[in-house]
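Structure assessment
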Amino acid sequence: INRGFGGAILPQWLLMVDRYIIRYKPARVVFYCGENDIARKHSPATVRDNLETLLEQIHTALPETEIYFICLKPSLRRWELWPAMVEANKLCRELCDSLPHATYIDVSEGMLGEDGEPRKDIFRNDGLHMNRAGYTEVWIPQIRKALAGK
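Residues numbered from 1 in each chain as written. Predicted model: local features only at pLDDT ≥ 70, side-chain atom pairs only at ≥ 80, totals over all residues. Heavy atoms only, no water.

A closer look at the sheet that holds strand β1 (residues 28-32)
Strand order across the open sheet formed by three strands is β1-β2-β3, with parallel pairing between neighbours. In this open sheet, the two strands that pair with only one neighbour each are β1 and β3 (102-105). Strand-to-strand, the axes of this sheet are offset by a mean angle of 20 degrees, without reference to chain direction. In the packing of helix α3 (residues 44-61) onto the sheet, the strands contacted are β1, β2 (66-70) and β3, and the crossing angle to β2 comes to about 160 degrees. (Pairing = 2+ DSSP bridges. Helix = DSSP H or I, 4+ residues; strand = E, 2+ residues; numbered from the N terminus. Axes fitted to C-alpha atoms, helices over the stretch in contact; angles between N-to-C directions. Contact = heavy atoms within 4.5 Å.)

Things to note about the nonpolar core
By size, the foremost hydrophobic cluster in this structure holds 42 residues, and its most contacted members are Phe31, Leu54, Phe69, Val107, Met111 and Trp139. For this core, the elements supplying multiple residues, two or more each, are α1 (10-20), β1, α3, β2, α4 (82-97), β3 and α5 (132-148). Ranked by residues supplied to this core, first place goes to α4 with six residues. Setting aside chain neighbours within four positions, we find Phe31 in contact with Leu10, Trp13, Leu51, Leu54, Tyr68, Phe69 and Ile70. (Core = buried A, V, L, I, M, F, W, Y, C linked by side-chain atoms within 4.5 Å. Buried < 20%, exposed > 50% of the residue type's maximum accessible area, 1.4 Å probe, protein only.)

Some details on α3
Taking 1.5 Å of rise per residue, the 18 residues of α3 would be expected to cover 26 Å, and the 26 Å separating its terminal C-alpha atoms lies within 8% of that figure. Along α3, the residues that are buried comprise Pro44, Val47, Asn50, Leu51, Leu54, Leu55, Ile58 and His59. Buried residues of α3 fall within an arc of 165 degrees about the axis and therefore sit on the same side. Considering only its buried residues, α3 is in contact with α1, β1, α2 (35-39), β2, α4 and β3. (Expected span 1.5 Å × (residues − 1). Arc of directions from axis to C-beta.)

Observations concerning the packing of aromatic side chains
Counted under the stated rule, the structure contains seven aromatic pairs. Ring plane angle 80 degrees and centroid distance 5.3 Å describe the contact between Trp13 and Phe31, whose orientation is recorded as edge-to-face. In this pair, Trp13 is assigned in helix α1 and Phe31 in strand β1, connecting sequence segments 18 residues apart. Each member of the pair, Trp13 as well as Phe31, is classed as buried. For the pair Trp79 and Trp82, a centre-to-centre distance of 6.1 Å together with 15 degrees between the ring planes defines the contact as stacked. A relative accessible area of 26% means that Trp79 is categorised as partly exposed. An aromatic cluster is defined as three or more aromatic residues linked by ring pairs; in this entry it consists of Trp13, Tyr20, Phe31, Phe69 and Tyr104. (Phe/Tyr/Trp six-rings, centres within 6.5 Å; stacked < 30°, edge-to-face > 60°.)

Structure, rendered in structure tokens:
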């Protein structure tokens, strides 16, 4: 069930976790959020803390639910924010690694070219949102690999 919405930040999810996740009692949740938080000047530590609160809310209600967190992605449009996103990703990875029912999915490596910058071929014209190739070549294989691991 797709319950995502564009422009989301983690504090919004904290308010709506019951409505958009818990009420469905999912066995698995694949979750992506945090990039807009950094764009709104939230610190990497705040992103991590809000993710921790969200995971706690889900696991309090659904202790066996597996949660897969997709890391913050690099993009052409927000490249200047990438260092803060890298720090947020590091903190979120450490959090997920410390919890029994949370998995961190790193999609960032496949999104960067040989020059270490975001690949232009996987983004729409806005330089922020991915095109079909970004999903089919990078994200979907990484998500499937993570889901197969548990």
